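Fold and contact review
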Amino acid sequence: LSDHIKGAGPMNPEEVVGILKGLCGALVASHEKGIIHRDLKPANVLLVGPKEDRRPVLIDFGLLKSKRGDESLTQQGMMLGTPTYMAPEQIQAKGIGPWTDLYALGVMGYEMLSGANPFRTADLRETVFRQLHHDPRNLSTVDLPKPITRRLATLIQRLLDKDPGRRIREASAVREELRHALSFSERSTYVVNQIPILRTPKLRLPLALVLLVLLGAGIGLMLARSNW
């Protein structure tokens, strides 16, 4: 998946939702057995099958050996995982659970949809700081080349909540949300919100007034014609 993200850039929402649902299935199965992955990231996801029916396979459970690369830390007493995808409670060793893997799932979803990891920097300490204190922009306010629904953007934001108590707690609940994340009504609402002028708070009231005037004029014209 990491190679696919690098090559494809921002991915189609339909493809992202399909991958996330598949990963949720893997997490439901592992969490039911008491297994927390702890290192969920694109490099640990294989994409198998033909392009039109591609499915994700989650690998590398347990962090059983040291990993090479600037982002992986496995020293005892420090962090165990990959900081660009690690939940704050995992970094601070405050206790992990299924919600910890779901945070990483949210980071992956954000990266697939936007084409960029919201926490990655060239400096490891800065990356860790951002994981602990930085809230990435809601995807509904980001100019994406491939628009997404408001519902999907909200779901990703809920998964990225710094407080594990406010985060979605079960992978099965995330999978259920994903089943409705691409509904047409939500998509149409979000596409309207993609228009830059409509995202400017100072212009919303004047535009609303103009629309009301035009609507009133239209109704007045219809009534006048009915009297003719």
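Below, the structure is looked at part by part. Values in this document were obtained by computation on a predicted structure and should not be read as measured data.

Scoring rules and cut-offs
- Residues numbered from 1 in each chain as written.
- Predicted model: local features only at pLDDT ≥ 70, side-chain atom pairs only at ≥ 80, totals over all residues.
- Heavy atoms only, no water.
- Core = buried A, V, L, I, M, F, W, Y, C linked by side-chain atoms within 4.5 Å.
- Buried < 20%, exposed > 50% of the residue type's maximum accessible area, 1.4 Å probe, protein only.
- Helix = DSSP H or I, 4+ residues; strand = E, 2+ residues; numbered from the N terminus.
- Patch = residues over 30% accessible without salt bridge, like charges linked within 9 Å, V, L, I, M, F, W, Y side chains within 5 Å.
- Areas by Shrake-Rupley, 256 points an atom, 1.4 Å probe, with all protein chains shown as cover.
- Salt bridge = Lys/Arg side-chain N within 4 Å of Asp/Glu carboxyl O.
- Contact = heavy atoms within 4.5 Å.
- Pairing = 2+ DSSP bridges.
- Phe/Tyr/Trp six-rings, centres within 6.5 Å; stacked < 30°, edge-to-face > 60°.
- Polar contact = N/O pair within 3.5 Å; in protein donor to acceptor, adjacent residues only side chain to side chain.

The biggest cluster of nonpolar side chains holds 41 residues, and the ones touching the most others in it are L105, M112, L139, L152, I156, V174 and L178. Sorting the residues of this core by element identifies α2 (13-32), α4 (98-114), α6 (150-159) and α7 (171-179) as the ones contributing at least two each. Counting residues per element, this core draws most heavily on α4, at 9 residues.

On the surface, L205, L209, L212, L215, I219 and L223 cluster together into a nonpolar patch covering about 610 Å² of accessible area. Along the chain, L212 falls in helix α9 (residues 201-227). On the basis of relative accessible area, L212 is assigned to the exposed category, the value being 54%.

Next up on the list: the environment of A171. Considering the arrangement of structural elements, one finds A171 in helix α7. The class of A171 is buried, set by a relative accessible area of 2%. Between the C-alpha atom of A171 and that of L105, which follows or precedes it by 66 residues, the distance is 9.6 Å. Apart from residues lying up to four places away in sequence, A171 is in contact with C24, L27, V28, H31 and L102.

A few words on the pairing of strand β2 (residues 55-58). Alternating positions in β2 separate cleanly, P56 and L58 being buried on one face and R55 and V57 remaining unburied on the opposite face. The pairing of strand β1 (residues 45-48) with β2 spans 4 bridges and is antiparallel. The partner of L46 across the bridge, within β2, is V57.

Moving on to the packing of aromatic side chains. Per the counting criterion, the structure on display carries 1 aromatic pair. Considering the side-chain rings of Y103 and F119, the 6.3 Å spacing of their centres and the 25° angle between planes classify their relative orientation as stacked. Placement of the pair is Y103 in helix α4 and F119 in the loop between α4 and α5 (124-133), with a sequence separation of 16 residues.

Here the focus is the pattern of salt bridges. Applying the stated criterion to the full structure yields 8 salt bridges. K41 serves as the salt-bridge partner of D39, at 3.6 Å between the closest nitrogen and oxygen. We note that D39, like K41, is buried.

On to the side chain of E89, then. The topology assignment puts E89 in helix α3 (residues 88-91). Here the side chain of E89 touches T100 through a polar contact of 3.0 Å, side chain to side chain. Residue contacts for E89: discarding those within four places in its chain leaves K94, G95, W99, T100, K162, P164 and R167.

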